[in-house]
Amino acid sequence: MTDLDPNPFGPDQPCFGCSPDHPIGFHLRFAREGDEVVTRFTPGPQYQGPPGIMHGGLVTTLADEVAAWAVIGLLDRFGFTASIQVRLHRPMRIGVEVEGRGSILRHSSRTATIAVRLSQGGVDALTGELTFAILDQAAAERLLGGPLPEAWRRFSRAST
Ligand SMILES: CCCCCCCC(=O)SCCNC(=O)CCNC(=O)[C@H](O)C(C)(C)COP(=O)(O)OP(=O)(O)OC[C@H]1O[C@@H](n2cnc3c(N)ncnc32)[C@H](O)[C@@H]1OP(=O)(O)O
């Protein structure tokens, strides 16, 4: 298992899922294990929907972040989430460690589709497939509506 750089996007990156300084975010860190990225995370009470259960939208946010980091950690690219298809098989319990795993199902230079599994105690709580658009710098800047910060540029695909 190899720990991935937890903050390749620089000190000011604002991501809810992985910014180390986000006031209410998940603060996720990832490792590479073979052809997967892996994270571990224990949801606190601030992430509840029903009592004792993590809000389903936040469970999906966790899956999105795992998949985004599969693109970063396995393809050395940044992808913008284009499609999310997930099934929530079981409730995600508050206070119990979640293991998240992401792997590449298929990819081209322009898109990547990632398989994600979130489990608690070895039992799947979410499985899904998420597709990411890998943009060149100009397209990323059109999406952002402004310049792509310098630290993010190396994760863009080359312009064609
Ligand atoms: C620091 C770590 C942060 C991690 C955060 C987690 C990731 C995120 O939250 S990203 C933010 C959320 N996502 C967004 O805001 C994206 C919103 N959507 C968009 O901007 C656009 O629809 C976008 C960019 C995805 C695609 O735009 P579009 O104009 O279709 O781009 P285009 O260049 O034509 O398409 C690129 C490729 O994506 C494919 N694609 C586009 N949409 C989809 C989709 N829904 N499903 C599958 N493939 C798609 C296209 O077919 C094309 O593939 P190909 O070139 O092989 O035919």
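Below, the structure is looked at part by part. Please read these numbers as outputs of a predicted model, since none were measured by experiment. (Residues numbered from 1 in each chain as written. Predicted model: local features only at pLDDT ≥ 70, side-chain atom pairs only at ≥ 80, totals over all residues. Heavy atoms only, no water.)

Some words on the nonpolar core
In plain terms, the rule: We call a set of buried Ala, Val, Leu, Ile, Met, Phe, Trp, Tyr and Cys residues a nonpolar core when their side-chain atoms join them within 4.5 Å. Under the scheme applied here, a residue whose accessible area is under 20% of the maximum for its type counts as buried, over 50% as exposed, and between as partly exposed, the area being computed with a 1.4 Å probe on protein chains only. Only DSSP runs of H or I covering at least 4 residues are called helices, and only runs of E covering at least 2 are called strands; the numbering of each starts at the N terminus.
Ranked by internal contacts, the top residues of the largest apolar core, which has 42 residues, are Met54, Leu62, Ile114, Val116 and Leu118. Of all the elements in the fold, those that place two or more residues in this core are strand S3 (36-41), helix H1 (56-75), strand S6 (111-120), strand S7 (123-133) and helix H2 (137-144).

Things to note about the site of the ligand
For the record, the criterion: Any residue with a non-hydrogen atom lying within 4 Å of a molecule or strand is treated as near it. N or O atoms closer than or at 3.5 Å make up a polar contact, with two conditions inside protein: a donor-capable atom paired with an acceptor-capable one, and, for residues adjacent in sequence, both atoms drawn from side chains. Residue exposure ignores everything except the shown protein chains as possible cover, and the areas themselves are Shrake-Rupley values with a 1.4 Å probe. Under the convention adopted here, Pro, Cys and the residues Ala, Val, Leu, Ile, Met, Phe, Trp and Tyr are nonpolar, Asp, Glu, Lys and Arg are charged, and Gly plus all remaining residues are polar.
Around the ligand, the structure places 18 residues, and the nearest of them are Thr81, Ala82, Arg110, Thr111 and Leu143. Contact distances for the ligand include 3.1 Å between a nitrogen atom and a backbone N or O atom of Thr81. Between the ligand and Ala82 there is a distance of 3.0 Å, counted from a nitrogen atom to a backbone nitrogen or oxygen. A total of 1,100 Å² of accessible area belongs to the ligand in isolation, and the protein chains cover 53% of it. Those elements giving two or more residues to the shell around the ligand turn out to be H1, strand S4 (80-88) and S7. The element contributing the most residues to the shell around the ligand is S4, with four residues. Looking at the shell around the ligand residue by residue, the class counts come to ten nonpolar, five polar and three charged.

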